[in-house]
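Notes for the structure review
Okay, here's what each chain looks like letter by letter:
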Amino acid sequence: MRVFLDTSALAKRYVAETGSAKVGELCQQADSLAVCVICLPEIISTLARLVREKKITKADYRTLKGNVMTDLADIDICQLTPDVLAAGVSLLEANPLRAMDALHVACAVRVEADRFVSADHRQLAAARKAGLKIVDVT
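Residues numbered from 1 in each chain as written. Predicted model: local features only at pLDDT ≥ 70, side-chain atom pairs only at ≥ 80, totals over all residues. Heavy atoms only, no water.

Regular strands show a simple pattern: their side chains alternate between the two faces of the sheet. Across 3 bridges, the pairing between strand E1 (residues 2-5) and strand E2 (residues 32-36) is parallel. By the bridge assignment for E2, Arg2 is matched with Ser32. Of the strand pairs in this sheet, E1 and strand E4 (residues 115-118) are connected by 3 bridges, and their pairing is parallel. When the bridges of E4 are listed, Leu5 appears paired with Val117. (Pairing = 2+ DSSP bridges. Helix = DSSP H or I, 4+ residues; strand = E, 2+ residues; numbered from the N terminus.)

See below:
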């Protein structure tokens, strides 16, 4: 099973919160994992915000960033090609999405994901509408 994780889902692998156990189970069941290329800067942004908010230490940040980088070496990364960008534009025209959320869905469609995993309800609705099977990890 090919599992596509948006950033909200991938972050749950590194920061314990509601949905983390479900993400862990899905990752164990998956034959392959995939993410959009924008996932790396988004997750680093999330971790840096957690440091600023004093929810994690700088040492935790360095450890978690290292874990992310190691994991991404084994995860399929979908690039922003012209066809993915065009699909993202179509998704934005048909759904109430933020631009980055549309790109995640477009990438999931492009890599023919068996499951699209997210904690964003609007994004999940758009993914379902695009023909993807969804997993809500809120």
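Right, let's talk about the packing of helix H3 (residues 39-52) against helix H4 (residues 58-72) for a bit. Where H3 contacts H4, the two axes come as close as 10 Å, and the packing angle between them is 165 degrees. Here H4 runs roughly antiparallel to H3, going by the angle between their axes. In terms of crossing hand, the pair formed by H3 and H4 is right-handed. Two secondary-structure elements touch here, H3 through Leu40, Ile43, Ile44, Leu47, Ala48 and Val51 and H4 through Lys58, Tyr61, Leu64, Lys65, Val68, Met69 and Leu72. Across the contact of H3 with H4, the residue classes break down as 11 nonpolar, no polar and 2 charged. (Axes fitted to C-alpha atoms, helices over the stretch in contact; angles between N-to-C directions. Parallel < 35°, antiparallel > 145°, perpendicular 65-115°, else oblique. Left-handed = near helix turned anticlockwise from the far one by under 90°. Contact = heavy atoms within 4.5 Å. Nonpolar A, V, L, I, M, F, W, Y, C, P; charged D, E, K, R; others polar.)

Its identity as a non-glycine residue notwithstanding, Lys54 has a phi of 60 degrees, on the positive side. Of note, Lys54 is situated in the loop between H3 and H4. Accessibility expressed as a relative area gives 73% for Lys54, which makes it exposed. In this model, Glu112 sits at a positive phi of 55 degrees, which is unusual for a non-glycine residue. Along the polypeptide, Glu112 turns up in the loop between helix H6 (99-110) and E4. Judged by its relative accessible area of 65%, Glu112 falls in the exposed class. (Buried < 20%, exposed > 50% of the residue type's maximum accessible area, 1.4 Å probe, protein only.)

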